[in-house]
Each structure stands twice: as structure tokens, then as C-alpha cells.
Amino acid sequence: MKLTAPVIRGRKRRDGATPLVMVTAYDEPGARFASAAGVDVILVGDSLANVVLGHEDTLHVTVDEMCHHVRAVAAAKPEVHVVADMPWLSYHLSVADSVRNAAALIRSGADSVKLEGGRVRREVVRAILDAEIPVMGHLGLTPQSVMAFGGFKVQAKTREAAQQLQLDAKVLQDEGVFAVVIEGVPSVVGTRVTEALEIPTIGIGAGPDTDGQVLVFHDLLGLTKGSPAKFVRQYANLGPVITDALAHFASDVRNGEFPGPSEVYANPEDLVN
Ligand code: KIV
């Protein structure tokens, strides 16, 4: 059964809930596999920019591109809650624009939207919620802030920064977001924010105590270029498997071994006599 935003909101581990499992997906096969694996939430992440479209950061995807991939994920009809990332600049220019962009993602097949930032997003979060669209927050190493942060750097490393992050999380909760992603922070920060909130936290590089965990599909399957981040556990190494299969195909074609007799259509009598 697909989890709704209100059901996810109640999934606190301290109240006995099992940890939430979120994974990214960007297309029909990815969503189909994630759904078959029984994950709780599929995130159509703006990591689309890095892991699918080959950009260096997430700043290079548009609402239209996100909608295109949300439609592909929705085409799998996953029995899973689908969250769509609001890409950079889709909620920074005006409140009306932000609501329209969130609605475009919902009309493409998402069940909720996610956006990055804390207090500064208060007005936008409220407006999207007022339009009856559930919102997930995202704090910590927010990838859309890569230029402002001066790189992909662990956040909340001082007492003051950790307190600010906790304050941001509380503001998002008070506005009505149903869950918050906490990314790239010392694990004690993940623990404390989780303890401080009534809504679930979903961690990525935020330690073991958050109410759920999220990983990027391509990272956990060994499909990403370069070495994975410290927090990634690679559950399969499919990159070499795919390369081997493609190389095998290439050699079979070149050697005349593909297609074989069982891989061709029978010739009708009419054509061979
Ligand atoms: O876009 C994404 O994949 C994300 C996760 C890192 C949480 O936002």
C-alpha cells in the first residue's frame, strides 16, 4: 500500500515505527525495481542532474526536465509514495511561481514535493501547503547551495551551526512539512534533530539515528562515476556487470555469433522456395 504524507508524518522510530526507506529513481525501470523491492518512498531527486544527465552539480535541471522524469517514474505505477524534488530556481523567484512549479510536479505524477532550506523558505513552504501539496524539507548539506558552501562540505560542524540547523528544522515542522531530509552532518546532529522533532527525519550521511535513510539509486548499485561518498553503502556493483554484458554483445556481433538460430524469425515457405 502506498504511504500517504500523513502516514509518513507519523513514522517516528521512538514511537515504535520501523525506519523509513527512501531511494531515488528517475525512470520507469528504476521505479519498478524500487517498488518491487518494497521501499517506502521514491524520490525523483534533482540528483538526476549528476547521476543521469552527467552534470557536476544539481543546478542544471529545470522543472520541465524534472516533470519528464516524474512522468517516467509514475508510468511504473509504483505502490510507493513518490516525492519530486523542486529544482534550483523553481522556488526562489516568487511565491506564485513556486506553487505553480510544485503543481506541475504533482500533475506529472508526484505525491509530494521536496525543497531545500529552512527559515528562508517559510513563506514558500506555507504557500505550497496552502495549495494542498505536501512538502518534505531538506537541510544540512543541501546540494543546491554548493556554490554558497564553497563545495560539497559536511555542514553543522560547530555548536552554533548545529543549533541553527535544529532551529530551521523546527520552523519547517511548525509550517507543516511532513518529513525532513538531513544530509551531510555529523551523526550527533542527525541524532539531536531527530530527537527534537515530532516529524520523521530521513538521513543521508547523517548517522544511524534518523527515522529513515535515503540513498541515490546509482550510488547503491555501483553505477556512479568516480568513488562514492563516505556515507554510501554499495549493495551491488552493476557497472562492471553492464560493461561485460555490452562487451560480450559487441564480440558476438563481430564474430558472427549473434543472432543465433533461436533468435531469428522462422522463414515462411513462400519466401524460401
Ligand atoms: O536529489 C537527491 O538525490 C536528493 C537526495 C540526496 C536526498 O535530494
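Topic: the packing of helix H6 (residues 122-130) against helix H8 (residues 159-175)
Okay, so step 1: Interhelical geometry of H6 versus H8 gives an angle of 25° and a closest axis separation of 10 Å. In this view, H6 runs roughly parallel relative to H8, as classed from their interaxial angle. With respect to the hand of their crossing, H6 and H8 are arranged in right-handed fashion. Here Arg 122, Val 125, Arg 126 and Leu 129 of H6 come into contact with H8, specifically with Val 171, Leu 172 and Glu 175.
Okay, so step 2: Within the contact of H6 with H8, the residues separate by chemical class into four nonpolar, no polar and three charged.

Digging into the packing of helix H5 (residues 95-107) against H6
Okay, so step 1: At a closest axis distance of 9 Å, the pairing of H5 and H6 adopts a crossing angle of 50°. Comparing their axes, H6 and H5 come out oblique. In terms of crossing hand, the pair formed by H5 and H6 is right-handed. Across the interface between the two elements, Val 95, Ser 98, Val 99 and Ala 102 from H5 touch Glu 123, Val 124, Ala 127 and Ile 128 from H6.
Okay, so step 2: Counted by class, the contact of H5 with H6 contains six nonpolar, one polar and one charged residues.

What about the site of the ligand?
Okay, so step 1: For the ligand, the full set of nearby residues is Thr 24, Leu 43, Gly 45, Asp 46, Ser 47, Asp 85, Lys 114, His 138, Val 181, Glu 183, Ile 204 and Val 216.
Okay, so step 2: Within the side chain of Asp 85, an N or O atom sits 3.0 Å from an oxygen atom of the ligand.
Okay, so step 3: When the ligand is considered free in solution it has 260 Å² of accessible area, and contact with the protein chains removes 96% of it.
Okay, so step 4: Its residues placed into classes, the shell around the ligand shows four nonpolar, four polar and four charged.

What about the sheet that holds strand E1 (residues 20-24)?
Okay, so step 1: Around the barrel, eight strands lie side by side as E1-E2-E3-E4-E5-E6-E7-E8; this closed barrel has parallel pairing. With strand direction ignored, the average angle separating the axes of adjacent strands in the sheet is 25°.
Okay, so step 2: With four bridges joining them, E1 and strand E8 (residues 212-215) adopt parallel strand pairing. Pairing of Met 22 across the sheet is with Val 214, part of E8.
Okay, so step 3: Sitting on the sheet, H8 touches strand E5 (135-140) and strand E6 (179-183), and the angle it makes with E5 is about 175°.

Observations regarding the side chain of Ser 98
Okay, so step 1: Mapped onto the secondary structure, Ser 98 falls in helix H5.
Okay, so step 2: Excluding residues within four positions of it along the chain, Ser 98 makes contact with Met 86, Ser 90, Tyr 91, His 92, Val 124 and Ile 128.

Regarding the packing of aromatic side chains
Okay, so step 1: Throughout the structure, instances matching the rule amount to one aromatic pair.
Okay, so step 2: Between Phe 249 and Phe 258 the ring centres are 5.6 Å apart and the planes differ by 75°, which places this aromatic pair in the edge-to-face class.
Okay, so step 3: Under the relative-accessibility criterion, Phe 249 is labelled partly exposed at 45%.
Okay, so step 4: Residue class for Phe 258 comes out partly exposed when judged on its relative accessible area of 37%.
Okay, so step 5: Directly above the aromatic system of Phe 33 lies the positively charged group of Arg 32, at a separation of 5.5 Å from the ring centroid.

Quick word on the pattern of salt bridges
Okay, so step 1: Under the definition given, this model contains nine salt bridges.
Okay, so step 2: The closest approach of N and O atoms between Arg 14 and Glu 198, which form a salt bridge, is 3.6 Å. Residue Arg 14 is located in the loop between helix H1 (5-9) and E1, and its partner Glu 198 is located in the loop between helix H9 (187-196) and strand E7 (201-204); the two are separated by 184 residues in the primary sequence.
Okay, so step 3: What emerges from the salt-bridge pattern is a single network uniting Arg 122, Arg 126 and Glu 175.

Looking at the nonpolar core
Generally speaking, a soluble globular protein has its nonpolar side chains buried in company with each other.
Okay, so step 1: Ranked by size, the top nonpolar core spans 53 residues in total, and within it Ile 42 and Ile 128 carry the most contacts.
Okay, so step 2: Residue contributions to this core peak at five residues, all from helix H4 (residues 63-74).
Okay, so step 3: Once you skip the residues sitting within four places of it in the chain, Ile 128 turns out to touch Met 86, Ser 98, Val 99, Ala 102, Val 113, Leu 115, Ile 133 and Val 135.

Each value, and the rule that gives it
- Residues numbered from 1 in each chain as written.
- Predicted model: local features only at pLDDT ≥ 70, side-chain atom pairs only at ≥ 80, totals over all residues.
- Heavy atoms only, no water.
- Axes fitted to C-alpha atoms, helices over the stretch in contact; angles between N-to-C directions.
- Helix = DSSP H or I, 4+ residues; strand = E, 2+ residues; numbered from the N terminus.
- Parallel < 35°, antiparallel > 145°, perpendicular 65-115°, else oblique.
- Left-handed = near helix turned anticlockwise from the far one by under 90°.
- Contact = heavy atoms within 4.5 Å.
- Nonpolar A, V, L, I, M, F, W, Y, C, P; charged D, E, K, R; others polar.
- Near = heavy atom within 4 Å.
- Polar contact = N/O pair within 3.5 Å; in protein donor to acceptor, adjacent residues only side chain to side chain.
- Areas by Shrake-Rupley, 256 points an atom, 1.4 Å probe, with all protein chains shown as cover.
- Pairing = 2+ DSSP bridges.
- Phe/Tyr/Trp six-rings, centres within 6.5 Å; stacked < 30°, edge-to-face > 60°.
- Buried < 20%, exposed > 50% of the residue type's maximum accessible area, 1.4 Å probe, protein only.
- Lys NZ or Arg CZ within 6 Å of the ring centre and 35° of its normal.
- Salt bridge = Lys/Arg side-chain N within 4 Å of Asp/Glu carboxyl O.
- Core = buried A, V, L, I, M, F, W, Y, C linked by side-chain atoms within 4.5 Å.

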